[in-house]
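Here is how the chains run, residue by residue.
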Number of protein chains: 2
Amino acid sequence: MGVTTRVAIVDDDALVRAGLRMILGGDPSLSIVGEASDGREALDMIATASPHVVLMDIRMPVLDGLETTKALTRRGDHVRIIVLTTFDTDELVVTALRHGAVGFLLKDTSPSNIVDAVRRVAAGESILSPSVTAQLIAKVTGGSDAQRERAVVLLEGLTDREREVAIAVGRGLSNTEISAELFMGVATVKTHLGHVFVKLDATNRVQVARVVHDAELASD
Amino acid sequence: MGVTTRVAIVDDDALVRAGLRMILGGDPSLSIVGEASDGREALDMIATASPHVVLMDIRMPVLDGLETTKALTRRGDHVRIIVLTTFDTDELVVTALRHGAVGFLLKDTSPSNIVDAVRRVAAGESILSPSVTAQLIAKVTGGSDAQRERAVVLLEGLTDREREVAIAVGRGLSNTEISAELFMGVATVKTHLGHVFVKLDATNRVQVARVVHDAELASD
DNA sequence: GTCTCCCTCCACCTTTGGGTTGAGGCGGTA
DNA sequence: TACCGCCTCAACCCAAAGGTGGAGGGAGAC
């Protein structure tokens, strides 16, 4: 791709826009084709300027970066969005990515890295700043890893038949349906389920379903 | 930290080990304190050599990189593991990260980037190669997005009270408990729940719990 | 052989859940 | 005004779930 990459900047702070303009404008492979100071403006601007890459602030008046990203994705624009944020403490990372963002940068990222990020994103890569990466990993691996681990251990404490019954309960089946599926009498289902209640410390089949669900996510 | 970072290499291919040794040995801030050609060896070697960072291949005889990583994590070693792989098509990324790896690199990564990665990891960052990042994002965003979206839509179709009841059901509460928590009669709980069954196309409170759970993951 | 664990099932009972009908109050809207 | 949707509750019923005790058979451990 020898063609220049079309970039747009969306931020409510004029100073930030100016800074980014300077940083990105210095690179001959990039050309800034539009700017906007809030989400509404951005939607219009992007429709007419058709940039390849958009640098988008999260916190903005009128329509924030998340909603704007979502709107762009919904409307089917082929724009690669890099979300900018001041703090990485935000719980917004996953939300932004889910809404279609392909990059996530902290504002204090060095100029050369920002330029690099834009180029990479234009080339089809996804780019995350290190702390964001760590967050993402935490999201995938953990969430509540202890809880999953606990669920797995609990299920392992069951006998084979008990576990089968528990899993069937997790699928929302009634005792009669379970008895048919596992080729056992309803009485037997009840017996197993009684043991399951004790072992999983549940009083209720919904609670059994919860444990089964938690354990399911742990694809060891 | 002016101290040199202790690095270990685990790979069954002697050529790869030699290559990495050359690449990493060239950097004065790193010192290679051990090597192993399979997982078993690695466990012993790491115990005695106590490296800060381990570069670990996934595909190895005897004990693969995944299991080795898992074993190290379980045994409580304070080692930061970077997983190496030839192809990024692997479904192993998430598994590796879940088992305690903090980095994931393709073997064709440039030498300078590998060195950089080791230093970053030693400094506490998490590092992923671009395509892996994309995969990770896909994992977080996707998974079963349609299912989640469906769940969210279904819950939005409920009235406020119905939704509150549904969520309470998802927590495994009985009708009596729900009536106490939401300050309404048990009869009212039943009424709402009846509507919930219809709207969520459920016949059974476990199925309601499933929908609620699916929707919970979608933090819109 | 004996002990233990698991799987299987029975009978009996109480509680909860799920389905139905009906009804009063309240707020918004045509 | 009348209408409509939502929240509230009641009485009733039957089916399902949950709890208790017991019992027989098979497989492995000692």
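Check the entry above for the structure.
A brief structural summary. (Residues numbered from 1 in each chain as written. Chains lettered and ligands numbered in written order. Predicted model: local features only at pLDDT ≥ 70, side-chain atom pairs only at ≥ 80, totals over all residues. Heavy atoms only, no water.)

Here the focus is the protein's contact with DNA strand D. Close to DNA strand D lie 15 residues; K190 of chain A together with T159, R161, G185 and T188 of chain B are nearest. Within 4 Å of the protein, the atoms of DNA strand D are drawn from sugar and phosphate moieties in a proportion of 69%. The separation between a phosphate oxygen of DNA strand D and a polar side-chain atom of N175 of chain A is 3.3 Å. At 3.1 Å from a phosphate oxygen of DNA strand D is found a side-chain nitrogen or oxygen belonging to R205 of chain A. Among the elements of the structure, helix 10 (186-200) of chain A together with helix 8 (160-170) and helix 10 (186-200) of chain B are those that each provide at least two residues to the surface near DNA strand D. At 4 residues, the largest contribution of residues to the surface near DNA strand D is made by helix 10 of chain B. (Near = heavy atom within 4 Å. Polar contact = N/O pair within 3.5 Å; in protein donor to acceptor, adjacent residues only side chain to side chain. Helix = DSSP H or I, 4+ residues; strand = E, 2+ residues; numbered from the N terminus.)

Here we come to the sheet that holds strand 1 (residues 5-10) of chain A. Residue and element names in this part refer to chain A. If you trace the 6 strands from one edge of the open sheet to the other, you get 2-1-3-4-5-6, paired in parallel fashion. Of all strands in the sheet, those with a lone pairing partner are strand 2 (30-36) and strand 6 (127-128), marking the two edges. Contacts from helix 3 (residues 65-75) reach strand 3 (53-57) and strand 4 (80-85), with the element oriented near 150° to strand 3. (Pairing = 2+ DSSP bridges. Contact = heavy atoms within 4.5 Å. Axes fitted to C-alpha atoms, helices over the stretch in contact; angles between N-to-C directions.)

A word on the pattern of salt bridges. Applying the stated rule across the entire model yields 16 salt bridges over all chains. The partner of R161 of chain B in a salt bridge is E164 of chain B, with the nearest N and O atoms 2.6 Å apart. Pair noted here: R161 of chain B and E164 of chain B are both in helix 8, with a separation of 3 residues, about one helical turn. Overlapping salt bridges, with partners in common, bring together R17, R21 and E35 of chain A in one network. (Salt bridge = Lys/Arg side-chain N within 4 Å of Asp/Glu carboxyl O.)

A few words on the protein's contact with DNA strand C. Taken together, 15 residues sit near DNA strand C, with T159, R161, G185 and T188 of chain A together with K190 of chain B positioned nearest. The contact atoms of DNA strand C, taken as those within 4 Å of the protein, divide so that sugar and phosphate hold 68%. Between DNA strand C and T159 of chain A there is a distance of 2.4 Å, counted from a phosphate oxygen to a side-chain nitrogen or oxygen. The side chain of R205 of chain B places a nitrogen or oxygen atom 3.0 Å from a phosphate oxygen of DNA strand C.

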